[in-house]
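# Chains, contacts and geometry: an overview
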Amino acid sequence: MSEELIRVLKMIESGVITSEEGQKLIQAMQKSEQKVARVNSHPIGRFLRLDILSTEEGEKETVQINFPLNLAKAVLKMGIVQKQLNAKVGENVNLDIEEILALIDSEVMGDLMTIDTKDSKIRIWID
């Protein structure tokens, strides 16, 4: 039970407020908590990130690609990420775009996938 709820219940118990006033306060607190939860799960401020680490001998290079989550879905559908990935890795890496889009829609956080190729390691995640 939250501290705020306990305070409201004690105020009702001690007669500082009526039970009806307490009910209104509790409902207002619940609405506020729901708004905060919606804001925290919103894609604004979150990014789809790709790290491409070259493991080729003699050439250690890291390429980082970051897209705001709001833009990431369009960029993925247009094939821009796939083209950039293939250009940097030098081979055809087949991303499961539909799976990544489904993971974005499910509001998952953290690693989406890692791909190891002959000459590179690719990490894709949301934060």
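Structure shown above.
My aim in this report is to walk through the structure given alongside it, one point at a time. Because the structure is a prediction, the values reported are computed rather than measured.

Mapped onto the elements of the fold, Gln82 is located in helix 4 (residues 80-89). With sequence-adjacent residues up to four places away left out, Gln82 is seen in contact with Asn92, Val93, Asn94 and Leu95.

We now examine the environment of Ser54. In this fold, Ser54 is placed in strand 1 (residues 47-54). Its relative accessible area of 11% is what places Ser54 among the buried residues. Apart from the residues lying within four places of it in its own chain, the contact partners of Ser54 are Glu59, Lys60, Glu61, Asp119 and Ser120.

This part is about a negative patch on the surface. A contiguous patch of negative charge, built from Glu56, Glu57, Glu59 and Glu61, is present on the exposed surface. Counting through the fold element by element, Glu57 comes out in the loop between strand 1 and strand 2 (62-68). Owing to a relative accessible area of 80%, Glu57 belongs among the exposed residues under this scheme.

Time to look at the packing of aromatic side chains. Under the defined criterion, the tally for this structure stands at zero aromatic pairs. Stacked on the ring of Trp125, the Lys or Arg Arg123 has its end atom at 3.8 Å from the ring centre.

Taken together, the four strands give an open sheet; going across it, the order is 2-1-4-3, and neighbouring strands pair in antiparallel fashion. Two strands close off the open sheet at either side, each with one partner strand: strand 2 and strand 3 (110-116). Going from strand to strand, the sheet's axes swing by 10° on average, the running direction of each strand aside. One ladder, built from seven bridges, connects strand 1 with strand 2; its direction is antiparallel. Within strand 2, the residue paired with Leu48 across the bridge is Phe67. On top of the sheet, helix 4 reaches strand 1, strand 2 and strand 4 (120-126); it is set at about 15° to strand 1, its chief contact. Helix-sheet contacts for helix 5 (residues 97-105) involve strand 3 and strand 4, and the interaxial angle to strand 3 is about 165°.

Right, let's talk about helix 5 for a bit. Buried within helix 5 we find Ile97, Ile100, Leu101 and Ile104. Relative to the axis of helix 5, the buried residues are bounded by an arc of 100° and lie together on one face. Of the surrounding secondary structure, the elements contacted by the buried residues of helix 5 are helix 3 (69-78), strand 3 and strand 4. Just downstream of helix 5, Glu107 is the residue with a positive phi angle, here 60°.

Cut-offs and rules
- Per chain, the residues get numbers from 1 upward, laid out in the order the sequence is written.
- Residues qualify for local features only when their pLDDT is at least 70, as the model is predicted, and side-chain atom pairs are given and counted only at 80 or more; totals for whole chains, interfaces and linings, by contrast, use all residues.
- Excluding hydrogens and water, the side-chain values take into account all heavy atoms of the structure.
- Note on conventions: DSSP H or I runs of at least 4 residues are helices, E runs of at least 2 residues are strands, and numbering of each starts at the N terminus.
- It only takes one pair of heavy atoms within 4.5 Å for two residues to be counted as in contact.
- Exposed residues in this analysis have more than 50% of their type's maximum accessible area, buried residues have under 20%, and partly exposed residues fall in between, with area computed by a 1.4 Å probe over protein chains only.
- Exposure above 30% relative accessible area and the lack of any salt bridge qualify a residue for a patch; like charges then connect within 9 Å, and the nonpolar side chains Val, Leu, Ile, Met, Phe, Trp and Tyr within 5 Å.
- For every accessible area listed, the method is Shrake-Rupley and the probe measures 1.4 Å; residues are considered covered only by the protein chains on display.
- A pairing counts as a salt bridge when a side-chain nitrogen of Lys or Arg comes within 4 Å of a carboxyl oxygen of Asp or Glu.
- Charged residues are defined narrowly, with Lys and Arg counted positive, Asp and Glu counted negative, and His plus the chain ends left uncounted.
- Every charge is mapped onto a representative atom, which is NZ of Lys, CZ of Arg, CG of Asp or CD of Glu.
- Centres within 6.5 Å make a pair out of two Phe, Tyr or Trp rings, where for Trp the six-membered ring is used; the pair is then stacked when the planes are under 30 degrees apart, edge-to-face when over 60, and tilted otherwise.
- A ring has a charge above it when a Lys NZ or an Arg CZ is no more than 6 Å from the ring centre and no more than 35 degrees off the ring normal.
- In this scheme, strands are said to pair when DSSP sees at least two bridges between them.
- To define axes, lines are fitted to C-alpha atoms, for helices over the stretch in contact only, and angles between the resulting N-to-C directions are given on a 0 to 180 degree scale.
- Note: the arc covers the axis-to-C-beta directions of the helix.

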